[in-house]
Amino acid sequence: MALSYHDYENDSALTLTVSQFRNQGQTVCPNCGQFHEGDGNHLFDYYQAVDEDLMCHICLQPLVNPVDTKCSHTFCTKCLENYLCIQNQCPVDRQLLTRNDYQQSSVLVRRLLDKLLVVCPNVDYCEEVLPRSDLEAHLLHRCRGAVTRCIKSSLGCTFQGPRSALQSHLWECQFRDQDGGKNPVLEGEVSTIEIQRSQADLGISIVGGCDTPLVCIVIQEVFPEGVVAKDGRLKPGDQILEVNGEDLTQATHYHAQQALSQYYPVCRVTVYREKAEENRPIEKEEILKITLTKEKGKQLGIKLVGKRNGTGVYILNLVPDSLAAQDGRLTPDDRVLEINGKDVSYGSQEEAAQVIQICEDKVQFVISRRSRPQTPDLIRSTSCESSASTANSEFRPEKFLQCHMCREKLVTVTKDPTETLGISVAGGLSSPRGDTPIYVTNINPNGCMGRSKQVKKGDILLSINGVSLLALTHNEAVTQVKANAESKVVSIKIIEGPETSNGPGNFTPTWLFWQQMPRNCQNIKTVTLLRSPSGSLGFSVVGGCDSEIVTSYTLPVYVKSVVLDTPAYKDGRLKCGDILLSVNEHSLHNVTHSKAVELLKMADGAVTLTVVSWPGTIV
């Protein structure tokens, strides 16, 4: 039973209704938005008729958290558990059945159920039809009818109503100016704040969008002296959910750019800030004794290595089908402390290998194995069906990364030696927006390049008269351009920009513009981070080669967000939207998401990352 939200206009009616439901043990469920018992199934309003093969034989409704019995029948988990409390038999064929005689249904069945279309329960305010698996996030972040309190409730405002009414209420709220509009952004929570906008630009750059691997819109940079910087509450890594009443949780990158660029005297922003994990168990050390018996004609198969950032000898890997691999107890990254009683904890790999070779029958290892819990600030493994690949069907990798569209061409013009090229350029190493190639920002229509109409705003300059302009600072590149401008014939190799601008004013590239640059335009930087005492590096990742959508290339691993007050945030060089190329010399090219997470999690001590960092879109 769903509660009609026009009841929220009457506080006493709401209190009575909620009280009645609580007396029956029922509360509003955050997953389905309807009232049901705490141990009852979620309730959904289905948009279409559901195939009977997806129905539970007990509740006669589409399956929720389905399980399969040993006698090949499928039920909702809670339906079957409640039934077995009464009698231990299958509800269909009456065979003996206990709690050990059923298991979770296949991934295929659960995905079919997740894709069932349901109607938002807040029908008075919302007409959304969406997959069942998306309903919880919709109710929490996007639904116009979801009940919310005023952002000034901590000051005493008693407003409570649908999200769609919050916008107009805030203009009239009697508590609006009592804290100077400075209610804080809270970690681990959804927060709505108001920013007095004294100029057109907010003074931030953004990355992401539903049409990118990041899926959500994330603040990459906050520029000094900008509106947001002066306000002081928004930080890099904050996810923007809504601006001035417009939902951005399913917005494309360009849609979000347009929404954030619209000028309002007061900008009302709803954001989510990830929370740095506290009190996480410290890394544990386990000391193990493992004895391997040598066999004639078979290799032990242990590859040892030393580490640059620490002393000692470690197991790099095990040779497939070797004695050590078949035994299975030694694992990569184990530190070898002793071999047959000889201390090698501070020895070299050559010394350790020599001790192993002189052992005739048995080799006894004493090893140290460190275990660190999975850090929640790294996005969940794809085995858990990562939301990054399934959260929004609009993301198409083949549309996001189309490097083949950025084709090179050679432009040759004949000119008077005293005539300039008539173009303005920006970018270069250490430019204000970071390390980028040189690109055309403006063209004089009466100059030689303007007359030839072969170059557009947004084109990348690779070389001029055979002299490369890549990996140069802005001043170095401008010097090369001017030095060759006196020639009668000028040949410029360019990459046709994926975005161009023929309107007035200078061209400014977006974050999506840079994502389509070929590898020879990438400037790689190295970032070294030291783990916090809790084991966290402080950033989350998405992407990897195991995207559900098969493409002709592999999706890189991206930094999704950087968490406040963590090693990555304090270091300041790693930014949201960065592409990770390697971790401690382990390449991340063509690796799965879960493998990338594992490499990040297992990296000890100083963790060295190679990164391609592109500037975000300015709004």
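Residues numbered from 1 in each chain as written. Predicted model: local features only at pLDDT ≥ 70, side-chain atom pairs only at ≥ 80, totals over all residues. Heavy atoms only, no water.

## Observations concerning the overall build of the protein
So, point 1. Tallying secondary structure elements over the protein gives 16 helices and 35 strands in all.
So, point 2. Residue pairs at least 24 apart in sequence account for 62% of intrachain contacts in the protein once pairs closer than 6 positions are excluded.
So, point 3. As displayed, the protein offers around 30,600 Å² of accessible surface, 49% of which is attributable to carbon and sulfur atoms. (Helix = DSSP H or I, 4+ residues; strand = E, 2+ residues; numbered from the N terminus. Contact = heavy atoms within 4.5 Å. Areas by Shrake-Rupley, 256 points an atom, 1.4 Å probe, with all protein chains shown as cover.)

## Thoughts on the packing of aromatic side chains
So, point 1. Tallied over the full model, the rule gives seven aromatic pairs.
So, point 2. Among the aromatic residues, those joined into a cluster by ring pairs are Y439, F507, F513, W514 and W614.
So, point 3. Seen from the ring of Y346, R335 lies directly overhead, with NZ or CZ sitting 5.7 Å from the centre. (Phe/Tyr/Trp six-rings, centres within 6.5 Å; stacked < 30°, edge-to-face > 60°. Lys NZ or Arg CZ within 6 Å of the ring centre and 35° of its normal.)

## Here's the deal with the pairing of strand β4 (residues 66-69)
So, point 1. Pairing of β4 with strand β5 (residues 74-76), which is carried by three bridges, proceeds in the antiparallel orientation. In the sheet register, P66 faces β5, and the bridge partner there is C76.
So, point 2. Hairpin connection between β4 and β5: a loop of four residues separates the two successive antiparallel strands, and S72 in this loop has a positive phi of roughly 70°. (Pairing = 2+ DSSP bridges.)

## Thoughts on the pairing of strand β32 (residues 579-583)
So, point 1. Burial runs high along β32: four of the five residues are buried.
So, point 2. Sheet analysis places strand β31 (residues 557-562) next to β32, joined by two bridges and oriented antiparallel. If you follow V557 over to β32, its bridge partner there is L580.
So, point 3. With two bridges connecting them, β32 and strand β33 (residues 586-587) associate as antiparallel partners. Bridge assignment links S582 to a residue of β33, and that residue is S587.
So, point 4. Where β32 hands over to β33, the hairpin turn is made up of two residues, of which N584 adopts a positive phi near 45°. (Buried < 20%, exposed > 50% of the residue type's maximum accessible area, 1.4 Å probe, protein only.)

## Some thoughts on the nonpolar core
So, point 1. Judged by nonpolar contacts, the single largest core of 45 residues is most densely connected at I460, F539, L580 and L609.
So, point 2. The set of elements that each furnish at least two residues to this core consists of β26 (460-464), α14 (511-515), β29 (524-530), β30 (539-543), β31, β32, α16 (593-602) and β34 (606-612).
So, point 3. In contact with L580, other than residues within four places in its own chain, are F539, V541, V557, V559, L574, L588, L600, L609, T610 and V611. (Core = buried A, V, L, I, M, F, W, Y, C linked by side-chain atoms within 4.5 Å.)

## Focus: the sheet that holds strand β7 (residues 117-119)
Within a sheet, each strand pairs with its neighbour through backbone hydrogen bonds, oriented either parallel or antiparallel.
So, point 1. Strands sit in the order β3-β7-β8 across an open sheet of three strands; the sheet is antiparallel. A single partner strand is all that each edge strand has here, and the edge strands are β3 (45-46) and β8 (129-131).
So, point 2. In this structure, β3 lies alongside β7, joined through two bridges in antiparallel fashion. Considered in β7, the bridge of D45 is made with V119.

## Focus: the side chain of E242
So, point 1. By secondary structure assignment, the location of E242 is in strand β14 (residues 239-243).
So, point 2. Once residues within four sequence positions are removed from consideration, E242 is found in contact with R144, R163, D247, L248, R268, V269 and T270.

## Describing the pattern of salt bridges
Pairing of side chains with opposite charge becomes possible as their charged atoms draw close.
So, point 1. Within the structure shown, the criterion is met by eleven salt bridges.
So, point 2. Put simply, R273 and D238 hold a salt bridge, and the shortest N to O gap is 2.8 Å. Placement of the pair is R273 in the loop between β16 (266-272) and β17 (284-293) and D238 in the loop between α6 (227-231) and β14, with a sequence separation of 35 residues.
So, point 3. The class for R273 is buried, based on a relative accessible area of 7%.
So, point 4. Overall, the relative accessible area of 1% leaves D238 in the buried class.
So, point 5. The residue R451 makes a salt bridge to E419 at a minimum N-O spacing of 2.9 Å. One end of the pair, R451, is in helix α12 (residues 448-452); the other, E419, is in the loop between β23 (408-414) and β24 (423-431), and 32 residues separate them in sequence.
So, point 6. Residue classification places E419 among the partly exposed positions, given a relative accessible area of 21%.
So, point 7. If you follow the salt bridges from partner to partner, you end up with R407, K409 and E496 in one network. (Salt bridge = Lys/Arg side-chain N within 4 Å of Asp/Glu carboxyl O.)

## Some thoughts on the environment of G306
So, point 1. Locating G306 in the fold gives a position in strand β18 (residues 302-307).
So, point 2. Distance from G306 to Q349, taken between C-alpha atoms, is 6.2 Å for residues 43 residues apart in sequence.
So, point 3. Setting aside residues no more than four positions away along its own chain, G306 makes contact with G312 and Q349.

## A word on helix α7 (residues 253-261)
So, point 1. Within the sequence span of α7, burial applies to H253, A256, Q257, A259 and L260. For α7, the arc enclosing every buried residue in end-on projection is 170°, short of the 170-degree limit, so these residues lie on one face.
So, point 2. Where α7 is buried, its residues meet β12 (204-208), β13 (217-222), β14, β15 (246-247), α14 and β35 (617-618). (Arc of directions from axis to C-beta.)

In short, shape yes, function no, at least from these values alone.
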